[in-house]
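Chain by chain, the residues run as shown.
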Amino acid sequence: MLTVAVLISGTGSNLRALLDAAADPGYPARIVVVGADREAEGFAHAEEYGIPTFLVPWREFDTRDEWGAELAAQLAVWQPDLVVLSGLMRLLPPAVVEAWAPRIVNTHPAYLPEFPGAHAVRDALEAGVVQTGASVIVVDDGVDTGPIVAQERVPVLPGDDLHSLHERIKPVERSLLIDVVRRIATGELDLAAASTTS
């Protein structure tokens with residue numbers, strides 16, 4: 001059984017989807033802990049499922065490296081097989097990435113390498129494209145530059161705004177994440193191999 005730590009910053013909609021999937025006895029992964037960089041609404045999902053949580057508040061540390069060291073220490077307590085970034089709005093310091101790579105994955109609301117960064121949905125709209133998408137990547141030291149392990153296109157419809165487009169991307173992100181975690185757990189997806197061949 002694959003053990004998973006999930007890191008969030010906000011409402012945790014992807015976390016919720018993963019928790020719901022993992023509640024199925026046939027799903028080959030279990031979430032063992034949920035962490036955040038600030039008080040996050042998504043903790044409520046973890047509490048509902050009886051999953052332990054931890055908080056490493058960004059604002060309480062002088063540097064990103066100090067914050068990362070405490071985050072790594074918290075993760076080390078649980079020794080998860082996989083770390084999932086689910087809306088975590090902080091770049092992990094290189095030391096954290098190095099400690100867990102390639103066992104860190106992240107979802108992104110665009111068809112990478114198109115529209116990396118924190119404003120992918122807005123950027124897609126401003127670019128006037130007719131399609132965007134969702135991706136799951138292995139985290140590296142860059143901004144959404146890691147190996148892509150799953151992605152799917154999402155059309156941009158006439159009249160779409162930031163909210164409507166993002167709401168259509170979110171279920172695709174969730175589906176991709178659930179499938180990627182399942183494939184990692186069953187051995188269908190080898191993150192180490194994906195990282196060396198990309």
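For the structure, see preceding data.
Residues numbered from 1 in each chain as written. Predicted model: local features only at pLDDT ≥ 70, side-chain atom pairs only at ≥ 80, totals over all residues. Heavy atoms only, no water.

Asker: Which residues make up the overall build of the protein, and what values do they have?
Answerer: Helices and strands together make up the secondary structure of the protein, namely seven helices and seven strands. In terms of overall size, the protein behaves like a compact globule, its C-alpha atoms giving a radius of gyration of 16 Å where 198 residues would be expected to give roughly 16 Å. On the principal axes, the C-alpha backbone points of the protein span a range of 50 × 45 × 40 Å. The buried share of the protein, reckoned over its 198 residues, is 46%. Contacts in the protein between residues far apart in sequence, at least 24 positions, make up 63% of those at least 6 positions apart. Counting every atom, the protein has about 9,300 Å² of accessible surface; 53% of that belongs to carbon and sulfur. (Helix = DSSP H or I, 4+ residues; strand = E, 2+ residues; numbered from the N terminus. Rg over C-alpha atoms; globule rule 2.2 N^0.38 Å. Buried < 20%, exposed > 50% of the residue type's maximum accessible area, 1.4 Å probe, protein only. Contact = heavy atoms within 4.5 Å. Areas by Shrake-Rupley, 256 points an atom, 1.4 Å probe, with all protein chains shown as cover.)

Asker: Can you tell me about the nonpolar core, naming the residues and giving the values?
Answerer: One broad trend across soluble globular proteins is that nonpolar side chains are buried collectively. The biggest cluster of nonpolar side chains holds 40 residues, and the ones touching the most others in it are Val-4, Val-6, Ile-31, Val-34, Leu-82, Val-84 and Val-181. Examining the composition of this core, we find that eight residues originate from one element, helix H6 (residues 162-186), more than from any other. Once you skip the residues sitting within four places of it in the chain, Val-4 turns out to touch Ala-29, Arg-30, Ile-31, Val-32, Val-33, Pro-80, Leu-82, Val-84 and Val-181. One finds Trp-67, Val-83, Val-96 and Val-139 within the second-largest nonpolar core, a separate group that totals 18 residues. (Core = buried A, V, L, I, M, F, W, Y, C linked by side-chain atoms within 4.5 Å.)

Asker: Describe in detail helix H1 (residues 13-22), supporting the description with residues and values.
Answerer: Burial runs high along H1: seven of the ten residues are buried. Within the span of H1, buried status applies to Asn-14, Leu-15, Ala-17, Leu-18, Leu-19, Ala-21 and Ala-22. Against the buried residues of H1 lie strand S1 (2-8), strand S2 (29-36), helix H2 (43-48), strand S4 (82-85), strand S5 (104-108) and H6.

Asker: How would you explain the pairing of S4 if you had to name every residue and give the values?
Answerer: Side chains Leu-82 and Val-84 project from S4 onto one buried face, and the interleaved Val-83 and Leu-85 project onto a second face that is buried too. With three bridges joining them, S4 and S5 adopt parallel strand pairing. By the bridge assignment, Val-83 is partnered in S5 with Ile-104. Handedness of the β-α-β unit built from S4, helix H4 (residues 94-100) and S5 comes out right-handed. (Pairing = 2+ DSSP bridges. Right-handed = clockwise from strand over helix to strand, strands pointing away.)

Asker: Now, about the sheet that holds strand S3 (residues 53-55): what can you tell me, with residues and values included?
Answerer: The strand order across the open sheet built from seven strands is S3-S2-S1-S4-S5-S6-S7, with neighbouring strands paired in mixed fashion. Each edge of the open sheet is held by one strand with a lone partner, namely S3 and strand S7 (148-155). If you compare each strand with its neighbour and ignore which way they point, the axes differ by 20 degrees on average. One ladder, built from four bridges, connects S5 with strand S6 (residues 131-138); its direction is antiparallel. Paired with Val-105 across the bridge in S6 is Val-138. On the sheet, H1 packs against S1, S2, S4 and S5 and is oriented at approximately 155 degrees with respect to S2. Against the sheet, H6 engages S1, S2, S4, S5, S6 and S7, with an angle of about 155 degrees to S7. (Axes fitted to C-alpha atoms, helices over the stretch in contact; angles between N-to-C directions.)

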